[in-house]
Amino acid sequence: MLRVSTSLRFFATIAVVSCGLLSATAAAADSSSSSSSSIPSTSSSSSSIPSTSSSSSVTAGVGTITIDQKNGSGSDTIGKWTLIKPDAAQQTGTNATQTLNSIPTGSYTIIFNPPSGATATTRIYRNGELESLVERPQQSFALYAGDTIKIVEHYTFTEIGLVAVESDPPGLDFRMTGPNNIVLHGTTPESYQSMPAGQYQVQWTAIQGCNIPPAKGLRLSANNRISFSLTLSCPMADTLRARIAANQSSTQNNHVAITTPGGSSLVLRDVPTDAWYASYVANVSHFGIISGYTDAAGNPTGDFGPGDNVTLAQLAKIAHKAAGMTVDQFQKTGPQNPTAQNQWSAPYIASAESRGWRVFADATVDVNRPATRAEVVVTLLQAFDIPLRWQKGNMFSDVTVKTPYANAIETAAGDGVIQGYKDQNGQPTHQFGPFDSINRAEMAKVISTMLDTYRNRGSSSASSTGL
């Protein structure tokens, strides 16, 4: 598995809180945006939701709109937004976060300008419930008195590839620039998956006494990979190599060691033995479900990437491995989903489609985007063949009966497999975050807990894993 530095996936969040007492009339700002008001059939409850942009009467008042653009990939690249107000006035912004105070109620249209090469999905939540989902970077909505509206904008790059940066000795700092004003700082070895196609350049940080070459540029094409490599021959480089060799012995004593598929021992340098997730990582690695990263040449890097997000493609592979399912019969059968065709994930996605896994039933879903916590839960429960109970909507404040995959979430929570968020004092917040992403450390815990809970239940977990 190549190191994922949280693929260029962007999230823009808008929280809207309003209040008011008077009465007024406002027309919808963009009637075309109201035409798409359905959510995918994968939802565990309702497949159709009423549109809000066609409302012709809104109680007057004021509210607050916060526009928050997030990029979890490690770069500062974000899109540009334009907010069309009820009086047709426009306001634009490019900041990561901006709050607009004393905003009047009425009909609004939000338009995002995605980074080059990216597509967009817009989700609108009203009072915590998903109201609409459209595959475009704009949507109209009505701001009512007392409503809380959340708009989530998801950017997905369709022309992507892999960028690797390596050096001998390892541990050299570098600065990489790329399309969409990407600026990344890292330390070798580093691999970035799902990077947008375009021109990249790497500048190495100077080392005393060593001849550092000038910045090198390479062009990344779609579904391809490029590798920046540097080998130093100087006294300081020899000193660095000696330090690395000396540190390896001490690292082995305080970091988790796993066995690679080839049978050799590998120390995970980013998984300290005293980390909360250490035992879970060791467990899933022991069963060959999730292991450490490899570089562009397929060699282990010694990194697990506990903070890296899990993509839908990775979720499909992890679910198959956790449940002991093979994909041999799908090696030559391409998936319906175009984002998985001719990719390493093709047999896993084809198998998931064939098995009727709900998250992958929609062949238009981008398997390279981060998986949500709800999608992880329902997929794993399907893989383990665990019967689901009817949802009640009373376990988490942000999981209602209409939340997609609510029955899976409440089934897993009832079985003690998952828990909601906790505050800084360790107290439950009674929120699950169904639409939040999940990282590899959290995934290791969920898998380990499911193995312990369901190993004697369900046809897949009982008979296929041999646990």
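The structure this text deals with has already been given above.
The present account deals with the structure reproduced in this document. (Residues numbered from 1 in each chain as written. Predicted model: local features only at pLDDT ≥ 70, side-chain atom pairs only at ≥ 80, totals over all residues. Heavy atoms only, no water.)

**A few points about the overall build of the protein**
Point 1. For the protein, the count of helices and strands is eight helices and 21 strands.
Point 2. For the protein, the exposed area adds up to about 20600 Å²; of that, 47% sits on carbon and sulfur atoms. (Helix = DSSP H or I, 4+ residues; strand = E, 2+ residues; numbered from the N terminus. Areas by Shrake-Rupley, 256 points an atom, 1.4 Å probe, with all protein chains shown as cover.)

**Looking at the packing of helix α2 (residues 278–286) against helix α7 (residues 440–454)**
Point 1. Where α2 meets α7, the axes come as close as 8 Å, and the angle between the chain directions of the two elements is 65°. For the element pair α2 / α7, the angle class is roughly perpendicular. Crossing angle aside, the handedness with which α2 passes α7 is left-handed. Across the interface between the two elements, Y280, V281, N283 and V284 from α2 touch A444, K445, I447, S448 and L451 from α7. (Axes fitted to C-alpha atoms, helices over the stretch in contact; angles between N-to-C directions. Parallel < 35°, antiparallel > 145°, perpendicular 65-115°, else oblique. Left-handed = near helix turned anticlockwise from the far one by under 90°. Contact = heavy atoms within 4.5 Å.)

**Concerning the packing of aromatic side chains**
Point 1. Tallied over the full model, the rule gives seven aromatic pairs.
Point 2. Consider the rings of F384 and Y454, whose centres lie 6.4 Å apart with planes at 45°: the pair is tilted. With F384 in the loop between α5 (373–383) and α6 (406–414) and Y454 in helix α7, this pair connects stretches of sequence that are 70 residues apart. With respect to burial, F384 and Y454 carry one shared label: buried.
Point 3. The ring centre of Y421 lies 4.5 Å from the NZ or CZ of R373, which sits over that ring.
Point 4. The residue whose ring lies beneath R373 is F432, and the NZ or CZ to ring-centre distance is 4.5 Å. (Phe/Tyr/Trp six-rings, centres within 6.5 Å; stacked < 30°, edge-to-face > 60°. Buried < 20%, exposed > 50% of the residue type's maximum accessible area, 1.4 Å probe, protein only. Lys NZ or Arg CZ within 6 Å of the ring centre and 35° of its normal.)

**Concerning the sheet that holds strand β14 (residues 173–178)**
Strand pairing in a sheet is mediated by backbone hydrogen bonds. Such pairs are either parallel or antiparallel.
Point 1. Strand order in the open sheet formed by four strands is β15-β14-β17-β18, and the pairing between neighbours is antiparallel. In the strand order of this sheet, the two ends are held by β15 (182–187) and β18 (216–220), each with one partner. Within this sheet the neighbouring strands show an average axis-to-axis angle of 25°, counted without direction. (Pairing = 2+ DSSP bridges.)

**Re the packing of α5 against α6**
Point 1. It is the contact of α5 with α6, at a shortest axis distance of 9 Å, that shows an interaxial angle of 75°. The angle between the axes of α5 and α6 places the two elements in the roughly perpendicular class. Contacts between α5 and α6 involve A374, V377, V378 and L381 on the former and, on the latter, A408, I409, T411 and A412.

**Focus: the sheet that holds strand β5 (residues 80–84)**
Point 1. Taken together, four strands build an open sheet; the order of strands is β6-β5-β8-β11 and the sheet is antiparallel. Of all strands in the sheet, those with a lone pairing partner are β6 (90–93) and β11 (138–143), marking the two edges. For this sheet, the mean inter-axis angle between neighbouring strands, taken without regard to orientation, is 20°.
Point 2. One ladder, built from six bridges, connects strand β8 (residues 106–113) with β11; its direction is antiparallel. Within β11, the residue paired with I111 across the bridge is Q138.

**A word on α6**
Point 1. Within α6, eight of the nine residues are buried, which leaves it mostly tucked inside the rest of the structure.
Point 2. Among the structural elements, α5 and α7 are those in contact with the buried residues of α6.
Point 3. Residue G416 follows α6 closely and has a positive phi angle near 80°.

**A short note on the state of the cysteines**
Point 1. Tallied over the full model, the rule gives one disulfide.
Point 2. Disulfide pairing is shown between C210 and C234; the S-S distance is 1.8 Å. Disulfide C210-C234: torsion about the S-S bond near 70°, hence right-handed. Linking C210 in the loop between β17 (198–204) and β18 with C234 in the loop between β19 (225–231) and α1 (235–254), this pair joins segments that are 24 residues apart in sequence.
Point 3. Among the residues examined, C210 registers a relative accessible area of 13% and is labelled buried.
Point 4. Under the relative-accessibility criterion, C234 is labelled buried at 9%. (Disulfide = S-S within 2.5 Å.)

**Digging into the pairing of strand β21 (residues 265–272)**
A regular strand places its side chains on the two faces of the sheet in alternate fashion.
Point 1. Where strand β20 (residues 255–259) and β21 come together, four bridges link them in antiparallel fashion. Along β21, the bridge assignment pairs A257 with V267.
Point 2. Two successive antiparallel strands, β20 and β21, enclose a turn made up of five residues, where G263 displays a positive phi of approximately 95°.

**Observations concerning the pattern of salt bridges**
Point 1. If you walk through the whole model with that rule in mind, you get five salt bridges.
Point 2. Among the ionic pairs, R369 bridges to E375, the shortest N-O distance being 2.7 Å.
Point 3. The class for R369 is buried, based on a relative accessible area of 8%.
Point 4. Salt-bridge contacts for R389 lead to D415; the nearest nitrogen and oxygen are separated by 3.2 Å. Of this pair, R389 sits in the loop between α5 and α6 while D415 is found in the loop between α6 and α7, placing the two residues 26 residues apart along the sequence.
Point 5. One network of salt bridges, with partners in common, ties together D168, D238 and R241. (Salt bridge = Lys/Arg side-chain N within 4 Å of Asp/Glu carboxyl O.)

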